[in-house]
Amino acid sequence: MNKNLPSESVQRAVVALNNKEVIAYPTEAVFGVGCDPDSEEAVMSLLVLKQRPVEKGLILIAASYEQLKPYIDDSMLSEEQRAAVFSRWPGPVTFVFPAKATTPGWLTGRFNSLAVRVTDHPVVIELCQAYGKPLVSTSANLSGEPPCRTTAEVIAPVWR
């Protein structure tokens, strides 16, 4: 078995992402739903599915800090702030960074910042590496409802 090739489920997820679809996947604490951060169509589909307003902004989850650089302006961080971030990453901690001026409003919402995380979850790392960039990541639940912690909850009829 070649450990450098993405698993079959990750390959299917990448196909879905390339088709501007929303996918569900496990994260550090709960199941997440996500999509291509560069596709306004995909992000709007996710927001409709979540019943979430675009103004709230979204989170990007990545396999590495490098994957986040096209979206964030880390030049505005002090060395102390940067050290604090890197002392917690990779891991389940989300930080808010200044967004680059080119970062789409469908990601930042009403803010000039962006919530980002470098994950240590092996499935998400594999997914982001196979896709080649970060994913929009939000909990797999309708806004205001409890997050999904099992596959069965993700595919429950409330999402249909």
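Where an unreviewed UniProt entry is consulted, the chain appears under the name Threonylcarbamoyl-AMP synthase, with the organism given as Kluyvera cryocrescens. UniProt, in its Catalytic activity (unreviewed entry) section for the chain, records the words "L-threonine + hydrogencarbonate + ATP = L-threonylcarbamoyladenylate + diphosphate + H2O". For the chain, the Subcellular location (unreviewed entry) comment in UniProt is given as "Cytoplasm".

Across the 6 residues that make up strand β5 (residues 113-118), a large majority, 6, are buried. Residues S113, A115 and R117 of β5 are buried on one face, and the alternating residues L114, V116 and V118, pointing to the opposite face, are buried as well. Strand direction decides the pairing type here: strand β3 (residues 59-62) and β5, joined by 4 bridges, are parallel. Across the sheet, residue I59 finds its bridge partner in β5, namely A115. Here 4 bridges tie strand β4 (residues 95-98) to β5, and the two strands are oriented antiparallel to one another. Looking at the pairing, P98 lines up with S113 of β5.

Let us now look at helix α1 (residues 8-18). Among all positions of α1, only V10, A13, V14, A16 and L17 are buried. For α1, the angular spread of buried residues about the axis comes to 160°, placing them on one side. Turned more than 90 degrees from where α1 packs its buried face, E8, R12 and N18 sit exposed. Lining the buried residues of α1 we find β1 (23-26), β2 (31-34), α6 (122-131) and β6 (135-139). Looking at the residues trailing α1, positive phi occurs at K20, about 65°.

Before going further, it helps to examine the packing of α1 against α6. The N-to-C vectors of α1 and α6 enclose an angle of 50°; their axes lie 10 Å apart at closest approach. Our classification of the angle between α1 and α6 gives oblique. Pair α1 / α6 crosses with right-handed handedness. Taking contact as the criterion, the partners of V10, A13, V14, L17 and N18 in α1 are, on α6, E126, L127, A130 and Y131. Split into classes, the residues belonging to the contact of α1 with α6 amount to 7 nonpolar, 1 polar and 1 charged.

Looking now at the sheet that holds β3. Sheet strands associate in pairs through backbone hydrogen bonding, adopting either a parallel or an antiparallel arrangement. Ordered by their spatial adjacency, 6 strands build an open sheet running β1-β2-β6-β3-β5-β4, and the pairing between neighbours is mixed. The sheet terminates laterally at β1 and β4, the two strands that pair on one side only. Along the sheet, successive strands turn relative to each other by an average axial angle of 45°, direction set aside. As paired strands, β2 and β6 are joined by 2 bridges and run antiparallel to one another. By the bridge assignment for β6, G32 is matched with S139. With respect to the sheet, α6 is in contact with β1, β3 and β6, its orientation differing from that of β1 by roughly 140°.

The rules behind each value
- Residues numbered from 1 in each chain as written.
- Predicted model: local features only at pLDDT ≥ 70, side-chain atom pairs only at ≥ 80, totals over all residues.
- Heavy atoms only, no water.
- UniProt positions renumbered as here; feature names shortened; annotations may be inferred.
- Buried < 20%, exposed > 50% of the residue type's maximum accessible area, 1.4 Å probe, protein only.
- Helix = DSSP H or I, 4+ residues; strand = E, 2+ residues; numbered from the N terminus.
- Pairing = 2+ DSSP bridges.
- Arc of directions from axis to C-beta.
- Contact = heavy atoms within 4.5 Å.
- Axes fitted to C-alpha atoms, helices over the stretch in contact; angles between N-to-C directions.
- Parallel < 35°, antiparallel > 145°, perpendicular 65-115°, else oblique.
- Left-handed = near helix turned anticlockwise from the far one by under 90°.
- Nonpolar A, V, L, I, M, F, W, Y, C, P; charged D, E, K, R; others polar.

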